[in-house]
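# A look at the structure
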Amino acid sequence: MNKTLIIFRHELLVTLKRKSFILVTLAAPLLMLVGYGIYQGVQSWYHPSELETKTIGYVDQAGGFDEYTSVGATFVRYPGEEAARQSLLSGEINEYFVIPSDYIRTGLITRYTMKRELEPPSQTMDSIRKFLISNLIGEETSPEVLERTKTPIVLSSIRLDETGEEMEGQNPFIQFFMPYIFALLLMFSIFFASGYLLQSISEEKDNRLMEVLLSSVSARQLLVGKVLGLGAAGLAQILIWIISLWVLVDVGLASIPGLSTASMPPGLIVLAIVYYLLGYLLFAVIMAVLGSIGTTARESQSWSSIVAMTAVLPMFFLTLIVENPSHAVAVAFTLIPTTSSVTAMMRLPTEGIPAWQLALSLSLLVAAIFFCMWAGAKIFRACLLMYGKRPSLTQIVRYVREA
Amino acid sequence: MRTVPDTFHGDREDSRSLRIEMNRDSKAIEVSKVSKSFGDVEAARDVSFEVKSGEIFGLIGPNGAGKTTIIRMLMEIIKPDSGEVRILGEPLRESTKNRIGYLPEERGLYKKLTVIDTLSYLSSLKGTSGSATRQRATTLLETTGMLPHQYKKVEELSKGMAQLIQFVATILHDPELVILDEPFYGLDPVNTRMLKDMVSELRKQSKTIILSTHMMNEVEELCDRILMIDKGRSVLYGDLSEIKARYRTDSVFISVDGELGPIDGVVTMKNHGTHYELLLDGKTSPQRVLADLVNRNVTVNRFEVATPPLSEIFIRVVRGQTE
């Protein structure tokens, strides 16, 4: 059997049998399940109280504001502030407000409540607004116009393509959540795989097996076998998570609007997988090389977080990229190999990526992977035996040129 | 005489002559003018030597002399600054690695892996697997007494046991060339003896063995030829018996029943309690002294021509060079 394949199989099997790996793999879906349970619990806890009708008192110093009942709120008039305050303190009403005599000119209203709140609840505000509108213009206009004034817009947007045909999409789930989830998945994979790679390489450095391995195989075989083996383990983990997420969506989340109707075109899925795998491979190689450079597992870990940050970088520009996919920043991120995968995940579902950018971005990504494999194997080889001594940057450059 | 039994010597001679017929003049390793520096430290300077097929070659020197650097250059783990290394007739190639067994000085194993899994993984990296390898593994584990531990994880083993497993892993793929860097270091006397016997056994199977050690006296009995190095330079190189003959002092250890009278050709006589040390005048051979004693009907319990141990030779060589 090919030696790279032997290393691949060994690394894959050893990782799959690792207790921490099994634990993390199983814990994630369990956590999702628990999270979903909590979400459901909170939902059923919360909904009834929201439907409760509030009793809101008011003191009409301006005059002309009649008592009014709408969905969720009943408005009770009080003759003076003192009476209203007593009712609030005794719990007869939930809150009260004062309409001053110069309200028409200033629009100023003072609201009194015993609840601690960040800002006035939107439902209460909506009720008060409707109460005011009804009283201000209710008698001057027809009930239909009054109703329209209270709710002036019910929006539905339709996107047209170049030929004027109506397009599907405009689905907030596909536009926003899909890129978000894909980018998150990729990041998780990178973090986990890098963790396993660093751990495995540091272990072999620490327990001095490196010399035995290098007397049997070449550094390139070792690097490629490890990256692919541990990569496969990481992918298996992600796959298990995706499947459990799928099941969860099927079982429980179908009720959330948007999720159930979301469907992705197959071309997009293929591209997403290609980007995912390539991006993953690039980072795995970089992480393996970093693992060989660092003197201790901890040192390598901190280096790897810096590199992993570059994968996260497009996430900071998520809104910009999703809302404005042709922006120069988005294009640049699409072309730079370390950010291209995550960025492509974001741009693909929204507006798509122009063919030339797609071709260039994929070529650059593949080229970067080959370069890192090539240079990485040399650095890897030179650094693996330098126990307790970290090479300087100039030394690393020299390794690449010389070896 | 020495502790090595006659039968052992006999075997050794037989197998050696057989071997010479088998690979006439073939060289397992050729090193010519190899130098390597790490910063200001010269780990090897103009080192040249050859290892013949089927011999046990000792790479000997104190700690930090450059032995491990030389071995790492043989294995191409480190590249020499200058000079050339040829292994089994050619510069080291990936395919050649399968024919070499290497036990590095800094050694370890996967802690979480069982003994048998470790062995099968490491041997598969050398291109051997299957039932024949498993059978060989069982035999070797039995020889080393490690068979009962084959399903234990490496972390459950003692350091000495792990070292035996490493040795088994080194020779499991039946390599032609075995390179052992400080193989006895840290082993107890029983295991040291066993390992030495296994190394001798390998030689009987016509394997070429390089033995690197700082415990010079430990390997005298094993080595055919040696390279002695100090501070990266080769200080002594050649056939071990010739070297020992060259550095022989003119003295004899002797213990007899009763009193030892004056003997012709003996300059001084030191009484060490259990035995005497006789310093000869340089013209008289040890055989003359022995014949003299036998003629005088003295019962001789021990008679040994004193050859200095390698460590002493090393000290003399190094001192001679610096003076």
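Residues numbered from 1 in each chain as written. Chains lettered and ligands numbered in written order. Predicted model: local features only at pLDDT ≥ 70, side-chain atom pairs only at ≥ 80, totals over all residues.

## Focus: the sheet that holds strand β3 (residues 56-60) of chain B
Residue and element names in this part refer to chain B. The 6 strands lie next to each other as β5-β6-β7-β3-β8-β9, forming an open sheet whose pairing is mixed. The two strands at the open ends of the sheet, each matched to only one other strand, are β5 (100-103) and β9 (233-239). Mean inter-strand twist for the sheet, computed between neighbouring axes without regard to direction, equals 10°. Here strand β6 (residues 177-181) pairs with strand β7 (residues 208-213) via 5 bridges, running parallel. Each residue of the ladder has a partner; that of Ile 179, found in β7, is Ile 210. Helix α2 (residues 67-74) rests against β3, β6, β7 and β8 (225-230) of the sheet, and its axis sits at about 150° to β6. (Pairing = 2+ DSSP bridges. Helix = DSSP H or I, 4+ residues; strand = E, 2+ residues; numbered from the N terminus. Axes fitted to C-alpha atoms, helices over the stretch in contact; angles between N-to-C directions. Contact = placed C-beta atoms within 7 Å.)

## A few points about α2 of chain B
Residues and elements named next belong to chain B. Where burial is concerned, most of α2 is hidden: 8 out of the 8 residues are buried. Within the span of α2, buried status applies to Lys 67, Thr 68, Thr 69, Ile 70, Ile 71, Arg 72, Met 73 and Leu 74. Glu 76 sits one or two positions beyond α2 and adopts a positive phi of about 60°. (Buried ≥ 20, exposed ≤ 12 C-beta atoms within 10 Å, placed from the backbone.)

## Topic: the interface of chain B and chain A
Opposite the 18 residues of chain B that make contact, chain A presents 15 residues. Listing elements by their share of the side of chain B that touches chain A, those giving two or more residues are β5 and α3 (115-125) of chain B. Partitioned by chemical class, the residues of the side of chain B that touches chain A number 10 nonpolar, 2 polar and 6 charged. (Nonpolar A, V, L, I, M, F, W, Y, C, P; charged D, E, K, R; others polar.)

## Regarding the sheet that holds strand β4 (residues 82-87) of chain B
Residue and element names in this part refer to chain B. Pairing in this open sheet of 3 strands is antiparallel, and the strands run β2-β1-β4 from one edge to the other. One side of each edge strand has no neighbouring strand; the edge strands of this open sheet are β2 (41-52) and β4. Strand-to-strand twist in this sheet, taken as the mean axis angle between neighbours without regard to direction, amounts to 15°. Pairing of strand β1 (residues 27-38) with β4 involves 5 bridges; the strand directions are antiparallel. Bridging from a neighbouring strand, Glu 30 pairs with Arg 86 of β4.

## Points about the packing of α3 of chain B against helix α5 (residues 159-171) of chain B
Residues and elements named next belong to chain B. Relative orientation of the contacting elements α3 and α5 amounts to 30°, with a least axis distance of 9 Å. One way to sum up the angle between α3 and α5 is to call them roughly parallel. By crossing handedness, the relation of α3 to α5 is classed as right-handed. Contacts between α3 and α5 pair Val 115, Thr 118, Leu 119 and Leu 122 from the former with Ile 165, Val 168 and Ala 169 from the latter. Looking at the contact of α3 with α5 residue by residue, the classes come out as 6 nonpolar, 1 polar and no charged. (Parallel < 35°, antiparallel > 145°, perpendicular 65-115°, else oblique. Left-handed = near helix turned anticlockwise from the far one by under 90°.)

## Brief notes about the packing of helix α5 (residues 122-137) of chain A against helix α6 (residues 143-150) of chain A
Residue and element names in this part refer to chain A. Interaxial distance between α5 and α6 falls to 10 Å at its minimum, and their mutual angle equals 145°. Of the two possible hands of crossing, α5 and α6 adopt the one that is right-handed. Mapping the contact onto sequence places Lys 130, Ile 133, Ser 134 and Ile 137 in α5 and Leu 146, Thr 149 and Lys 150 in α6. Broken down by class, the residue content of the contact of α5 with α6 amounts to 3 nonpolar, 2 polar and 2 charged.

## Concerning unusual backbone geometry
Residue and element names in this part refer to chain B. Here the phi dihedral of Lys 33 falls at roughly 50°; this positive angle occurs in a residue that is not glycine. Relative to the assigned elements, Lys 33 resides in strand β1. Phi is positive for Glu 76, which is not a glycine, with a value near 60°. Looking at where Glu 76 falls in the secondary structure, it is placed in the loop between α2 and β4. Glu 76 gets classed as buried once you count the C-beta atoms within 10 Å, which come to 20.

## Remarks on the confidence of the model for chain B
All names here are of chain B. Here chain B shows a mean pLDDT of 82. Residues at 70 or above account for 91%. Averaged pLDDT values for the elements of chain B fall to 43 in helix α1 (residues 6-22) and rise to 92 in β6. Segment residues 1-24: pLDDT under 50, and 10 contacts once partners within four positions in sequence are set aside and those in other chains are kept. For this predicted complex, the interface confidence comes out at an ipTM of 0.74, alongside a pTM of 0.70. (pLDDT = per-residue confidence, 0-100.)

## A short note on helix α4 (residues 131-143) of chain B
All names here are of chain B. Here α4 is 13 residues long and its end C-alpha atoms lie 18 Å apart, about the 18 Å a rise of 1.5 Å per residue gives. Within α4, the full set of buried residues consists of Ala 137, Leu 140 and Leu 141. Taken around the axis of α4, the buried residues stretch over an arc of 100°, which confines them to a single face. Seen from the open side of α4, the exposed residues pointing more than 90 degrees away from its buried face are Ser 131, Ala 132, Gln 135 and Glu 142. Following α4 by one or two positions, Gly 145 adopts a phi angle in the positive range, close to 75°. (Expected span 1.5 Å × (residues − 1). Arc of directions from axis to C-beta.)

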